[in-house]
Amino acid sequence: MEWPISEVARMSGVTARTLRHYDEIGVLSPVRIGAGGYRYYGEPELLRLQQILVLRALGLGLPEIGLILTAQVDEVEALRGHHRRLLAERDRLDALAGTVSRTIAELEQSRKDGRPMTINRPENLFEGVEPSQYEANMRDFPELAEEVGRRAATMTQGDADTGHRERTAQMIRLAELMAEGHRADAEPVQAEIDAQYAALTDLRTVSAEEYRAIGRSCVDNEAWRAAYEAIAPGLAAFQRDAIEAYATSMRG
């Protein structure tokens, strides 16, 4: 049985334009192209599309997905691997949801009691994240991602956990400054951002515009935003604004 591209788009939620792009880059080709260049897909292509969408949901980029699909032989074994990844991602999201739930409860109780905002302290929030995920998290910044990938290749799980705890500690310090009422461009806040920038430039030189883009990603990147908001509501935007102020001073 075959389905036209419009029907595949309807069933999968993937636009026809995206399906054509997948064909252009060799990730997913139609079983045949009919009159007028209209694409048709069979059951093997639908199974392949399912794998692509699962891997995309796990945060992999199209080049990585292409390599995975090219290397795999047995479809059932490949699906078992995807299933294991999904279960692991479910467990990670469950842990994150639990952290956010506790933060909500703490904030609601503090408001009820008339106390200052309570900041959750998830020092081990990101423990267990694989070193290989560093590069995926930086995929919007390819040159940095390349350097991060090289570093990650030599990291143990213990190194990864230590790095995540250090970054979480940075986020907590910034959240405490925000809770104290400091503006994003205040000197104590900018000192924290300067320390973050120094750590980043230890990997590679980062321009003001690139740093500004990284700041925007604190809000625009769903995974990054969730991590900041798990520490304290509004922290993602505060980090973005603080980096914006820092990058502006760099240009000056």
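This structure is a prediction, so every number in the text was calculated from the model and none was measured. (Residues numbered from 1 in each chain as written. Predicted model: local features only at pLDDT ≥ 70, side-chain atom pairs only at ≥ 80, totals over all residues. Heavy atoms only, no water.)

**What about the overall build of the protein?**
The cut-off we apply is this: Under the DSSP-based scheme used, a helix requires at least four consecutive residues in state H or I and a strand at least two consecutive residues in state E, with every element numbered from the N terminus. Only protein chains enter the accessibility calculation, which uses a 1.4 Å probe; a residue is then buried when its area is under 20% of its type maximum, exposed when over 50%, and partly exposed in between. The method behind every accessible area is Shrake-Rupley, applied with a 1.4 Å probe, and residues are considered shielded solely by the protein chains displayed.
For the protein, the helix and strand inventory stands at twelve helices and three strands. The proportion of buried residues among the 252 residues of the protein is 40%. A total of about 14200 Å² of accessible surface is found on the protein, and carbon and sulfur atoms cover 52% of it.

**As for the packing of aromatic side chains**
Just so we agree on the cut-off: Think of it this way: a Phe, Tyr or Trp ring, Trp meaning its six-membered ring, pairs with another when their centres are within 6.5 Å, and the plane angle makes it stacked under 30 degrees, edge-to-face over 60, tilted otherwise. Criterion for a charge above a ring: Lys NZ or Arg CZ within 6 Å of the ring centre, and within 35 degrees of the ring normal.
Counted by the stated rule, this structure contains four aromatic pairs. On the basis of an interplanar angle of 70° and a centroid distance of 5.7 Å, the ring pair of Tyr38 and Tyr40 is categorised as edge-to-face. In this structure Tyr38 comes out as partly exposed when scored by relative accessible area, which is 34%. Three or more aromatic residues joined by ring pairs form one cluster here, namely Tyr197, Tyr211 and Tyr246. Cation over ring: Arg32 sits above Tyr40, and NZ or CZ is 4.3 Å from the ring centre.

**Section: the sheet that holds strand β3 (residues 39–42)**
Stated formally: Any two strands between which DSSP finds at least two bridges are classified as paired. The contact rule is simple, with two residues in contact once any of their heavy atoms fall within 4.5 Å. Only the contacting stretch of a helix is used when fitting its axis, a line to C-alpha atoms as for every element, and angles between N-to-C directions run 0 to 180 degrees.
The strand order β1-β3-β2 describes an open sheet built from three strands, whose pairing is antiparallel. In the strand order of this sheet, the two ends are held by β1 (2–4) and β2 (32–33), each with one partner. Sheet topology note: the β2/β3 ladder contains two bridges and is antiparallel. Among the inter-strand pairings, Arg32 is bridged to a residue of β3, identified as Tyr40. This element, helix α1 (residues 5–12), spans β1 and β3 of the sheet and lies at about 90° to β1. On the sheet, helix α3 (residues 43–57) packs against β1 and β3 and is oriented at approximately 85° with respect to β3.

**Brief notes about the confidence of the model for the protein**
Basically, it comes down to this: Per-residue confidence from the predictor is reported as pLDDT, which spans 0 to 100.
Residue-level pLDDT values for the protein average 77, and 72% of them are 70 or greater. Here residues 121–136 scores under 50 on pLDDT; set against residues more than four positions off or in separate chains, the count is 43 contacts.

**Observations regarding the packing of α3 against helix α4 (residues 62–71)**
To keep it simple, the criterion reads: Here roughly perpendicular refers to angles of 65 to 115 degrees, roughly parallel to angles under 35, roughly antiparallel to angles over 145, and oblique to all remaining angles. The handedness criterion is simple: a crossing whose near helix is rotated anticlockwise from the far helix by less than a right angle is left-handed, and one whose near helix is rotated clockwise is right-handed. Polar here means any residue outside two lists: the nonpolar Ala, Val, Leu, Ile, Met, Phe, Trp, Tyr, Cys and Pro, and the charged Asp, Glu, Lys and Arg; Gly therefore counts as polar.
As a packed pair, α3 and α4 sit with axes 10 Å apart at the nearest point and diverge in direction by 135°. If you check the angle between α3 and α4, you find them oblique. Both α3 and α4 take part in a crossing whose hand is right-handed. Counted together, Arg48, Gln51, Ile52, Leu55 and Arg56 of α3 and Leu62, Ile65, Ile68 and Leu69 of α4 form the full contact between these two elements. Residues of the contact of α3 with α4, tallied by class, amount to six nonpolar, one polar and two charged.

**Looking at the pattern of salt bridges**
To keep things clear, this is the line we draw: What counts as a salt bridge is simple: a side-chain nitrogen of Lys or Arg found within 4 Å of a carboxyl oxygen of Asp or Glu.
Per the counting criterion, the structure on display carries eight salt bridges. Measuring nitrogen to oxygen at the nearest pair gives 3.1 Å for the salt bridge that ties Asp185 to Arg183. Given a relative accessible area of 41%, Asp185 falls into the partly exposed group. The class of Arg183 is exposed, set by a relative accessible area of 60%. Two residues, Arg212 and Glu244, come together in a salt bridge whose shortest N-O distance is 2.8 Å. Of this pair, Arg212 sits in helix α10 (residues 208–220) while Glu244 sits in helix α12 (residues 235–251), and the two are 32 residues apart along the sequence. Residues joined in a network through salt bridges with shared partners are Glu209, Arg212 and Glu244.

**A few points about the side chain of Arg212**
In plain terms, the rule: Any pair of nitrogen or oxygen atoms within 3.5 Å is treated as a polar contact; in protein, a donor-acceptor pairing is required on top of that, and neighbouring residues in sequence qualify only through side-chain atoms on both sides.
The buried category is assigned to Arg212, whose relative accessible area is 9%. Separated by 2.7 Å, the side chains of Arg212 and Glu209 make a polar contact.

**Observations concerning the nonpolar core**
Quick note on the threshold: The definition of a nonpolar core used throughout is a set of buried Ala, Val, Leu, Ile, Met, Phe, Trp, Tyr and Cys residues joined through side-chain atoms within 4.5 Å.
Residues Val189, Ile193, Tyr211, Leu235 and Phe238 are the most contacted members of the largest nonpolar core, which totals 28 residues. Residue assignment for this core shows that the elements contributing at least two residues are α8 (157–179), α9 (187–201), α10, α11 (222–231) and α12. Residues within four places of Phe238 in sequence aside, it is in contact with Leu174, Met178, His182, Arg183, Ala184 and Val189. In this structure, Trp3, Ile5, Ile52 and Leu58 belong to the second largest nonpolar core, which totals 19 residues.

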